[in-house]
Every structure is written in structure tokens, then in C-alpha cells.
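Each chain is listed here by its residues.
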Amino acid sequence: LLRSKMQSAAIIREMDSGIGRHKELLQSLLVCVAGAVDVAEQLEMQGDAGRVAEMESTVKAFLEMEGAIKASMAGLNEVKRQASVDGVSLEDVFDKAVDNEKKKQTDLTKHPKYKEFKEKVWQATHDGLPPDLDDDEDIQVATQVDHSTCPITRMPMTKPMRNKHCNHVYSLDGINAMLKGKQAVKCPVAGCNKMVSRDSIEDDYETAAALTINSKRKRKNAAATQEEDDVVDLD
């Protein structure tokens, strides 16, 4: 189990490539979940309980896939971390990391995206009224963070990157400009004292998915508004 520096470097490159593909899959899955939520919301307004139930099963299936991909990505990350460590089986490292990640994953009904599904379906026909919950179920209101604008460029967010030290998000172009010629800088978000460097930033697939979802919804709403205007003009 002795590996040369070249072998370790090759493994790290392979893991990075795999992690990138996993993030792309996760981003696509989140977009699919949002689409299913939107469809279920419309079906609930139409009173089609049967197809709403089908959408609920679809969302759960997507979230199960998300869990499997996250577990696999945890394995790849751990293999990358230990690629240069002699005397360890990277296959065992991968399997252990996958198992540990799976143990962390909770019941799908507690997943934020599943809760969002239930809330939107309820609100579709209850006009702002709080949902009926069992006595042992509490209401958790998620704080929505606006990542539509880069805190550095003050322009629409593009290629979002997350700082692993503080979870703040920046556009790739913006943070590259800040780091030009520097090893690290203070996080540009007001009130944050964490540092950011090229090693501390990673692709933020969740924000990228949110931006895609918001863009699609805006286009859909604009198209619906245009259709209403066209009907008015015809009248």
C-alpha cells in the first residue's frame, strides 16, 4: 500500500473530478425537486390529490438519491484527504466514509426540501394559514439568505463559491479579483472576521441550483403575465 507522489497526485485529481461530477448531479437534483414542488403546488390548487401524492413520492425519491450522492461524495473527499497516507486501503477509507455519512442522514420527512414541499402544498389552498401539525411536531422556519447578488461585485451572482470557513458565498470572478496576488484576505461580508483563500473556497452547488430555480420561476411568471396581458388586449 505504498504510493508514490505521482500516484497520490493522480488519485487526488481523479477524486476532484469525481467530486465535481457529484456536485453537478446534486445541483440538477435540487432543480428537479423544485420543479416537482411547483407542479405539486399547481395540482393541489386543482384538487388533484392523487397526482399530488405521486409528486410527493417523486420528491422523496429525489431526496433518497441526494443522500446516496452525498454519501459517495463524502467517500471521495476522504480518499482525497488520505491519498498520500501509506499503509491504508483507500477502498476501506471510501466505504467507511460512505457508511458514516449515511448514519448522519435523518428521516426524509425531516429533510428541509421535504418540509418545503409539504408547506407549499398546504399554502396552495390555505392562503397563509399555518399547517395543522401533530403534537410532537414543531414548526421550523428556515431563514432565506439572498445569494442573488455577489457581495464583492454587487452584480448578479455567477459561478457561486462558498467559503468553507464562514459559509459566505461570492461570485468566482469577484473572489478571484480580491485574491489576485494575495494568499488570503478577510471575508468581504460585513461583520465577518474569517479569512478566505483559494484553498478555502469550493463550488456551491446549492446556491447554483437556487439561482437556476429562481431564474426559471421568473421566466415562468413573466410568460404568465404576458399571456394575461394578451388576453386583456383581445378583450
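Above: the structure in question.
To start, this report covers the structure provided alongside it.

Calculation criteria
- Position numbers for residues start from 1 in each chain and track the written sequence from start to end.
- Local features in this predicted model are restricted to residues of pLDDT 70 or higher, and side-chain atom pairs are both shown and tallied only at a pLDDT of 80 or more, whereas totals for entire chains, interfaces and linings draw on every residue.
- Based on all heavy atoms of the structure, the side-chain values leave hydrogens and waters out of the count.
- Every helix listed is a DSSP run of H or I at least four residues long, and every strand listed is a run of E at least two residues long, numbered separately from the N terminus.
- When accessible area is computed with a 1.4 Å probe and restricted to protein chains, residues below 20% of their type maximum are described as buried, those above 50% as exposed, and intermediate ones as partly exposed.
- Pairs of residues are marked as contacts when any of their non-hydrogen atoms sit within 4.5 Å.
- A 1.4 Å probe and the Shrake-Rupley method give the accessible areas. Residues count as covered only by the protein chains that appear here.
- A side-chain nitrogen of Lys or Arg and a carboxyl oxygen of Asp or Glu constitute a salt bridge if their distance falls within 4 Å.
- The axes used here are C-alpha line fits, helices contributing only the stretch in contact, and every angle between their N-to-C directions lies in the interval 0 to 180 degrees.
- Any angle between 65 and 115 degrees counts as roughly perpendicular, while under 35 counts as roughly parallel, over 145 as roughly antiparallel, and the rest as oblique.
- The crossing is said to be left-handed when, going from far helix to near helix, the turn is anticlockwise and less than a right angle, and right-handed when the turn is clockwise.
- Throughout this entry, Asp, Glu, Lys and Arg are counted as charged residues, while Ala, Val, Leu, Ile, Met, Phe, Trp, Tyr, Cys and Pro are counted as nonpolar. The remaining residues, Gly among them, count as polar.
- Buried Ala, Val, Leu, Ile, Met, Phe, Trp, Tyr and Cys residues that are joined via side-chain atoms within 4.5 Å together make up what is termed a nonpolar core.
- The directions from the helix axis to the C-beta atoms form the arc being described.

Turning to the overall build of the chain, a few remarks are in order. Helix and strand counts for the chain stand at six helices and five strands. Going residue by residue from the N terminus, the α and β elements of the chain occur as α-α-α-α-β-β-α-β-β-β-α. Here the chain, with 235 residues, has 31% of them falling under the buried criterion. Considering only residue pairs separated by 6 or more positions, the chain has 59% of its internal contacts joining residues 24 or more positions apart. As displayed, the chain has an accessible area near 15400 Å², and 52% of this comes from carbon and sulfur atoms.

This part is about unusual backbone geometry. In most cases, non-glycine residues show a negative phi, while peptide bonds are predominantly trans. Phi is positive for arginine 154, close to 60°, though the residue is something other than glycine. The class for arginine 154 is exposed, based on a relative accessible area of 63%. Despite not being glycine, asparagine 167 has its phi angle at roughly 70°, a positive value. Secondary-structure assignment places asparagine 167 in the loop between strand E1 (160–163) and strand E2 (169–171).

Our next topic: the pattern of salt bridges. Tallying each qualifying case throughout the model produces nine salt bridges. For glutamate 116, the salt bridge identified is with lysine 113, shortest N-O distance 3.7 Å. Of this pair, glutamate 116 and lysine 113 both sit in helix H4 (residues 112–126), separated by three residues, roughly a single helical turn. A residue is classified by how much of its surface remains accessible, and glutamate 116, at 23% relative accessible area, is partly exposed. On the basis of relative accessible area, lysine 113 is assigned to the partly exposed category, the value being 27%. Linked by salt bridges that have partners in common, Lys113, Glu116 and Lys120 make up one network.

Next up on the list: the packing of helix H1 (residues 5–45) against H4. Direction vectors running N to C along H1 and H4 enclose 25°, while the axes themselves pass 8 Å from each other. In this view, H1 runs roughly parallel relative to H4, as classed from their interaxial angle. In this structure, H1 crosses over H4, and the sense of that crossing is right-handed. Contacts between H1 and H4 involve Leu30, Val33, Val37, Asp38, Ala40, Glu41, Glu44 and Met45 from the former and Lys113, Phe117, Lys120, Val121, Ala124 and Thr125 from the latter. Each residue belonging to the contact of H1 with H4 can be placed in one class, and the counts come to eight nonpolar, one polar and five charged.

Turning our attention to the nonpolar core. Counting 32 residues, the largest nonpolar core has Ile11, Val33, Met55, Val59, Leu63, Val79 and Phe117 as the members making the most contacts within it. Mapped by element, the contributors of at least two residues to this core are H1, helix H2 (49–81), helix H3 (90–104), H4 and helix H6 (205–234). The greatest single-element share of this core, amounting to 13 residues, is contributed by H1. Core analysis: the next-biggest nonpolar cluster, separate from the first, contains 13 residues, Met157, Met161, Val169 and Val185 among them.

As a further point, take the packing of H2 against H4. The angle between the axes and the distance between the axes are what describe a pair of packed helices. Between H2 and H4, the least distance of the axes is 10 Å, while the angle of their chain directions is 165°. By the angle between their directions, the pair H2 and H4 is classed as roughly antiparallel. The interaxial crossing formed by H2 with H4 has right-handed handedness. Residues Val52, Met55, Glu56, Val59, Lys60 and Leu63 of H2 form the contact with H4, whose participating residues are Lys113, Tyr114, Phe117, Lys118 and Val121.

One full turn of an α-helix is made of 3.6 residues, so residues set three or four places apart face in the same direction. Residues of helix H5 (residues 172–179) that are buried include every one of Gly174, Ile175 and Leu179, and no others. Along H5, the residues classed as buried sweep out an arc of 125° about the axis, all on the same side. Opposite the buried face of H5, by more than 90 degrees, sit the exposed residues Asp173 and Ala177. Close packing links the buried residues of H5 with E2, strand E3 (184–186), strand E4 (195–197) and strand E5 (201–203). Following H5 by one or two positions, glycine 181 has its phi on the positive side, about 75°.

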